[in-house]
Amino acid sequence: MREKQIDKLKDYKYGFTTDIENIRAPKGLNKEVIEFISKAKKEPKWMLDWRMKAFERLKNLKEPNWQKPKYPKIDYQDIYYYSAPKSASETPKSIDELDPKLLETYKKLGIPLQEQQRLNGIAVDAVFDSVSVATTFKDKLNEVGVIFCSISEAIQKHPEIVKKYLGSVIPLTDHYFATLNSAVFTDGSFVYIPPGVKCPMELSTYFRINASQTGQFERTLIIADKGSYVSYLEGCTAPMRDENQLHAANVELVALDNAEIKYSTVQNWYPGDENGKGGIYNFVTKRGLCKGTNSKISWTQVETGSAITWKYPSCVLQGDNSIGEFYSIAITNNYQKADTGTKMIHLGKNTKSKIISKGISAGFSDMTYRGLVDISSKAKNSRNYTQCDSLLMGNKCGAHTVPYIKNKNPESNIAHEATTSKISEEQLHYCQQRGLNPEEAVGLIVNGFCKEVLQQLPMEFAVEAQKLVGISLEGSVG
Amino acid sequence: MLKIKNLKADIESKSILNNFNLEIKPGEVHAIMGPNGSGKSTLSNILSGKKGYDVSGEILFENKNLFELETEERAHKGIFLAFQYPLEIPGVNTNIFLKTSLNAIRKARGEKELDAIEFLKLVKLKAKELKFDEEKLNRQLNVGFSGGEKKKNEILQMSILNPKLSILDETDSGLDIDALKIVADGVNSLRKKDNSFLIITHYQRLLDYIKPDYVHVLMNGHIIKSGGPELALELENKGYENFN
């Protein structure tokens, strides 16, 4: 039984590679490589200058090392910073012009780009290694004035918006990985929702690392103008490789007056094998700015992949009455590690934040919830509610909760609840006696444990995520 | 249906059951009575497939060796255990648990799985029969249920899964007289010529409502006396201590 489970685990569904001709920048991190990237993207000078500023700053920065999961030193000169499928380097005008191999890859991943037009109304931007290869549904979005394209395209076509907001939430000099991203980011998605528009469909970006020894540094920028609404989802997978690959993305969200952004992530990067060899280092900076009054940003994440996940999708609640939410499911199995949580920075009056975190650890894995709630002296009458639940499977894994609470406003209110529980032998036996096999039993219990967060996902993805939760824990019982 | 021959069970090298023999034929209701620590719960645990015991001897269920079947496979074959202490499973809706369970069993038997509407129809009917508060079916499984509600929930599950052999492990303990009657009615309504019951209890009380075909007295790990319903009354009068 056990062997069968391990076999299944080896069978990471997305572990295949696509044999495709690449254009790569030479290995290493230097001025020339940054110039290469900027040139490949046909960027204006201001963009290159911006990158160079970040690169200069990077020289004086050190990698942070306060996180719980430690990793071997990364040799930044031994990474390819730019890798693009040859066929996509000349931007295709439509999906039909794409390399059939690329289309096939996305089909295997369950994202048939060609069929997207007929599917249930989800616009997809597909990012393959360093470039965005296709964005679907462009015409329909154009009708209502929604801009959804790759960030490279936005830099060329909508420089005024990009200039205004790029780096406005995550400053150029924020911290090592964010600054690295600012210097070498390759592609990602750009979304602009005009005032008063409720985006007519879910927007989705699908990230895929294919090339070996390649880092993925994507950059996503989403702006919801006054009174607008958008729901955005990203998914990620990577082939199985023995090496650790670095993924250091920056995601910036800006919500103006009365605008709402819902950002969901289903992260399923390759987690490494059952002995902890290989897998993605997922070191990501995600931050949303509730700039306007009554604005709202809601993060939902389902983190099941990666060797190490290290991220804190955050909200800066600047506008009065603005709302920040963070719903998270993080699952670690085998030797995976995660240090994840959120930051809620309350600056405006009557701001509210809610944090629901569900951590599940199995095997030899280790999970840390780390979260900051910071209520400034001006944030009168603000409120936070935090609930952190951990579920342990077996006795070789770890779960830790590290909340940081700063309240400089006596009129504000912070509530924190935390629980740790274990799936007991008795619970499993009970479920088995009712006809469920151990994996079905764990799936049922874990999905029950995560329900509050799963409910936040857009319908189409909730089912997928539910399955993923089950698959991630395969082999953890028996 | 069930044949137990010379069953011996140890836990951490402490002997719990020894030289235990029992045969249950289709349609029969057997009651096992015994004092605390006589091995009653061990017997139900072993029949259900709970791990952690060293066992020898033989248990045949419809001529299949039970020791070769996982817990869930035994459930698929029609063995049901009403737990002495039903487990709480936070976050899992009672209806969803029941539906998942029923469909897992149906699937294993090659029967069509029920969709949500068919299932709800069935569960509503059964809940009504057992006077089980329907609203509770939308709550987390057994969480915040009273002792009596938990036990009634076990009987509800039993009546939905319609097992061949139902083992009731001290289902009567902690029940008030009204709940006891409802549980008994539930069991009696399932009594058919193919369905058998093994009722494990301390007290004779439950047997006023569920008339057993046989009563066995379990002491020191094995059956010391078997007889008809009158044996339960004799036990009640004498007490376990003076029985022998």
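These remarks concern the structure in this document. (Residues numbered from 1 in each chain as written. Chains lettered and ligands numbered in written order. Predicted model: local features only at pLDDT ≥ 70, side-chain atom pairs only at ≥ 80, totals over all residues. Heavy atoms only, no water.)

## Notes on the overall build of chain B
How we decide: For helices the rule is a DSSP run of H or I covering at least 4 residues; for strands it is a run of E covering at least 2, with both sets numbered from the N terminus onward. Values of the radius of gyration come from C-alpha atoms, whereas the globule rule sets the reference at 2.2 Å times the count of residues to the power 0.38. A simple rule labels every residue: compare its accessible area, found with a 1.4 Å probe on the protein chains alone, to the largest value its type can have, and call it buried under 20%, exposed over 50%, or partly exposed in between. Every residue pair with non-hydrogen atoms within 4.5 Å of one another is taken to be in contact. Surface accessibility in these figures is a Shrake-Rupley result with a 1.4 Å probe; residues are shielded only by whichever protein chains are displayed. Neither His nor the chain ends contribute to the count of charged residues, in which Lys and Arg are positive and Asp and Glu negative. The atom standing in for a charge is NZ when the residue is Lys, CZ when it is Arg, CG when it is Asp and CD when it is Glu.
Helix and strand counts for chain B stand at 7 helices and 12 strands. In terms of overall dimensions, chain B is globule-like: its C-alpha atoms have a radius of gyration of 18 Å, near the 18 Å expected for 244 residues. Considering only C-alpha atoms, chain B reaches an extent of 55 × 40 × 35 Å along its principal axes. The burial tally for chain B puts 55% of its 244 residues in the buried class. In chain B, once contacts between residues fewer than 6 apart in sequence are set aside, the share between residues at least 24 apart is 67%. Carbon and sulfur atoms form 48% of the exposed surface of chain B, whose accessible area is close to 11,100 Å². Computed over 35 positive and 35 negative side-chain charges, the separation of the two mean positions in chain B equals 3 Å.

## Let's talk about unusual backbone geometry
Backbone geometry places N258 of chain A, a non-glycine residue, at a positive phi of 60 degrees. Within the secondary structure layout, N258 of chain A lies in the loop between β11 (250-255) and β12 (260-267). Its identity is not glycine, yet K131 of chain B carries a phi of approximately 50 degrees, on the positive side. When you line up the elements, K131 of chain B lands in the loop between α4 (116-129) and β8 (140-141). K131 of chain B sits in the exposed class, given a relative accessible area of 60%.

## Here we look at the packing of aromatic side chains
Residues and elements named next belong to chain A. Going by this rule: Between rings of Phe, Tyr and Trp, where Trp is taken as its six-membered ring, a pair exists when centres lie within 6.5 Å; planes separated by under 30 degrees are stacked, by over 60 edge-to-face, and by other angles tilted. Geometrically, a lysine NZ or arginine CZ counts as sitting over a ring once it is within 6 Å of the ring centre and also within 35 degrees of the ring normal.
Counting across every chain of the model gives 18 aromatic pairs over all chains. When the ring of Y335 is compared with that of F364, the centres are 5.0 Å apart and the planes differ by 5 degrees; the resulting orientation is stacked. With a gap of 29 residues between them, Y335 in the loop between β17 (323-332) and β18 (337-346) and F364 in the loop between β19 (352-361) and β20 (366-375) connect regions that are remote in the sequence. Among the residues examined, F364 registers a relative accessible area of 44% and is labelled partly exposed. One aromatic cluster is present, formed by W66, Y71, Y76, Y176, F177, Y281, F283, W310 and Y312 through successive ring pairs. Lying over the aromatic face of F185, R51 brings its terminal NZ or CZ to 4.1 Å of the ring centre.

## Description of the sheet that holds strand β4 (residues 54-61) of chain B
Strand pairing within a sheet occurs via backbone hydrogen bonds; the two strands may be parallel or antiparallel. All names here are of chain B. Quick reminder of the rule: Strands pair, by our definition, only if DSSP identifies at least two bridges between them. Axes here mean lines fitted to C-alpha atoms, for a helix over just the part in contact, with angles spanning 0 to 180 degrees between N-to-C directions.
One open sheet holds the 4 strands; their spatial order is β2-β1-β4-β5, and the pairing between them is antiparallel. Of all strands in the sheet, those bounded by a partner on one side alone are β2 (14-24) and β5 (64-65). The sheet contact formed by strand β1 (residues 2-11) and β4 spans 7 bridges and is antiparallel. In the sheet register, K5 faces β4, and the bridge partner there is E58. Relative to the sheet, helix α1 (residues 40-48) contacts β1, β2 and β4, its axis offset from that of β1 by approximately 110 degrees.

## Digging into the environment of K128 of chain B
Take K128 of chain B: it is sitting in helix α4. Once the C-alpha coordinates of K128 of chain B and L156 of chain B are considered, the two residues, 28 residues apart in sequence, prove to be 9.8 Å apart.

## Details of the packing of helix α3 (residues 45-58) of chain A against helix α9 (residues 176-184) of chain A
Residues and elements named next belong to chain A. Stated formally: Note on convention: the crossing is left-handed when the near helix lies turned anticlockwise from the far helix by less than a right angle, right-handed when the turn is clockwise.
In the contact formed by α3 and α9, the axes pass within 7 Å of each other and the chain directions differ by 145 degrees. The two elements α3 and α9 meet at a crossing, and its hand is left-handed. Judged by residue contacts, W50, R51, A54, F55, R57 and L58 of α3 engage Y176, T179, L180, S182, A183 and V184 from α9.

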